[in-house]
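Coordinates in review
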Amino acid sequence: MNQSRTGSSTGPLSHEARSLQWLLGNLVEEVPGVRSVAVISSDGLLLCSSDADGETVIGAEQPCRGPGKGPAKASGDLATVVSGLASLTDGAARLMNAGPVKQSVVAMENGCLFVMSISDGSLLGVHASPECDMSVVAYHMALFVGRAGHVLTPELRSELSKARAAEPAGTLTESEQ
C-alpha cells in the first residue's frame, strides 16, 4: 500500500502532488531493478520518494540503520547523495565548458545510482540493483521527467515542502489516490 506523509495543517494533497506520487510509485513498480526513487528540489530538499516496498512518502526521511538496509530505506540519504552528485557534475561541466548536465550514472558493485534533471534545477534520483538494465532505467527516467516536468511547478514544490515540514518524523497517513 503506498503511503504518504501529509501535514494536517496543509490538508489533503493537491491533484498534482498525488499525480507525482503515482508517477514515482509506477517508476518503482514497473521498472525491474529499481529499488527507490526520489525527487529533490533545486536546493537539495527531498520533495517526494518511493521505494520497492510500495511506500511513497512526501519528504520523509527514513534513517538507514542496521545490516542489509541501504538507500532503498533512506530517502533522506538518497536525496543528499543525489544533490551532492548533481552539484559535483555541474561543477565539472562548468570547468569543461560542456553545458548543462542532463544525466549522471554511477555503476557500483552492489547497485547503480542515476541522476537526471527535471526542471528548474529539480532532480530525479534512482537507486537500482546492479543487475538492472541501465538503458531501461534511463529510458523510464526520461519518460518520468517528460510527464512530471510540467507538473513540478514552484507552487507544487512549495506544497510538498510544507507537507514535509508539517508532520513530525515517522507520522504516515494513507494517501488519497
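Conventions we followed
- Residues numbered from 1 in each chain as written.
- Predicted model: local features only at pLDDT ≥ 70, side-chain atom pairs only at ≥ 80, totals over all residues.
- Heavy atoms only, no water.
- Buried < 20%, exposed > 50% of the residue type's maximum accessible area, 1.4 Å probe, protein only.
- Helix = DSSP H or I, 4+ residues; strand = E, 2+ residues; numbered from the N terminus.
- Pairing = 2+ DSSP bridges.
- Axes fitted to C-alpha atoms, helices over the stretch in contact; angles between N-to-C directions.
- Parallel < 35°, antiparallel > 145°, perpendicular 65-115°, else oblique.
- Contact = heavy atoms within 4.5 Å.
- Nonpolar A, V, L, I, M, F, W, Y, C, P; charged D, E, K, R; others polar.
- Polar contact = N/O pair within 3.5 Å; in protein donor to acceptor, adjacent residues only side chain to side chain.
- Core = buried A, V, L, I, M, F, W, Y, C linked by side-chain atoms within 4.5 Å.
- Expected span 1.5 Å × (residues − 1).
- pLDDT = per-residue confidence, 0-100.

The protein chain is annotated in an unreviewed UniProt entry as Roadblock/LC7 domain-containing protein from Streptomyces silvisoli.

**Some details on the pairing of strand 6 (residues 111-117)**
Burial within strand 6 is extensive, with six of its seven residues counted as buried. When strand 5 (residues 103-108) meets strand 6, the two strands line up antiparallel, connected through six bridges. From the neighbouring strand, Gln103 faces strand 6, where its bridge partner is Met116. Where strand 6 and strand 7 (residues 123-128) come together, six bridges link them in antiparallel fashion. Residue Phe114 lies in a different strand from strand 7, and its bridge partner there is Val126.

**Focus on the packing of helix 1 (residues 15-30) against helix 3 (residues 134-148)**
Where helix 1 contacts helix 3, the axes come no closer than 11 Å and their chain directions differ by 170°. As far as their axial angle goes, helix 3 and helix 1 are roughly antiparallel. Facing Leu20, Leu23, Leu24 and Leu27 of helix 1, the residues of helix 3 in contact are His140, Met141, Phe144, Arg147 and Ala148. Grouping the amino acids of the contact of helix 1 with helix 3 by side-chain chemistry returns seven nonpolar, one polar and one charged.

**Quick look at the side chain of Ser41**
Structurally, Ser41 can be placed in the loop between strand 2 (34-40) and strand 3 (46-51). The residues contacting Ser41, other than those within four sequence positions of it, are Leu47, Gly121 and Ser122.

**A word on unusual backbone geometry**
Unusually for a residue other than glycine, Asn97 sits at a positive phi of about 50°. As for its position among the elements, Asn97 is in the loop between helix 2 (75-95) and strand 5. Overall, Asn97 belongs to the exposed group, its relative accessible area being 70%.

**Observations concerning the environment of Ser14**
Within the fold, Ser14 resides in the loop between strand 1 (3-4) and helix 1. It is 8.3 Å that separates the C-alpha atoms of Ser14 and Leu156, two residues lying 142 residues apart in sequence. For Ser14, the contacting residues outside a window of four places in its chain are Leu156 and Glu159. At 2.7 Å, the side chain of Ser14 and the side chain of Glu159 are in polar contact.

**Some remarks on the packing of helix 1 against helix 4 (residues 154-166)**
At a closest axis distance of 10 Å, the pairing of helix 1 and helix 4 adopts a crossing angle of 80°. In this view, helix 1 runs roughly perpendicular relative to helix 4, as classed from their interaxial angle. For the pair helix 1 and helix 4, contact is made by Glu16, Ala17 and Leu20 and by Leu156, Glu159 and Leu160, respectively. Its residues placed into classes, the contact of helix 1 with helix 4 shows four nonpolar, no polar and two charged.

**Topic: the nonpolar core**
If you look at the biggest cluster of nonpolar residues, it comprises 31 residues, and the most contacted ones within it are Leu20, Val39, Phe114, Leu124, Val126, Val137 and Phe144. Contributing elements (two or more residues each) for this core: helix 1, strand 2, strand 3, strand 6, strand 7, helix 3 and helix 4. When residues of this core are assigned to their parent elements, the largest contribution, six residues, is made by helix 1. Filtering out sequence-adjacent residues up to four positions away, Leu20 remains in contact with Cys48, Phe144, Ala148, Leu152, Leu156 and Leu160. In this structure, Ala38, Val82, Ala86 and Leu113 belong to the second largest nonpolar core, which totals eleven residues.

**Here's the deal with helix 1**
Under the 1.5 Å per step criterion, the end-to-end length of helix 1 is 22 Å for 16 residues, consistent within 8% with the ideal 22 Å. Those residues of helix 1 that sit buried are Ala17, Leu20, Gln21, Leu23, Leu24, Gly25, Leu27 and Val28.

**What to know about the confidence of the model for the protein chain**
Across the protein chain, pLDDT averages 79, with 76% of residues at or above 70. Low pLDDT, under 50, characterises residues 1-10; the stretch is placed with 49 contacts to residues that sit more than four places away or in other chains. This stretch, residues 170-177, has a pLDDT under 50; its non-local contacts, to residues over four places away or in other chains, come to 21 contacts.

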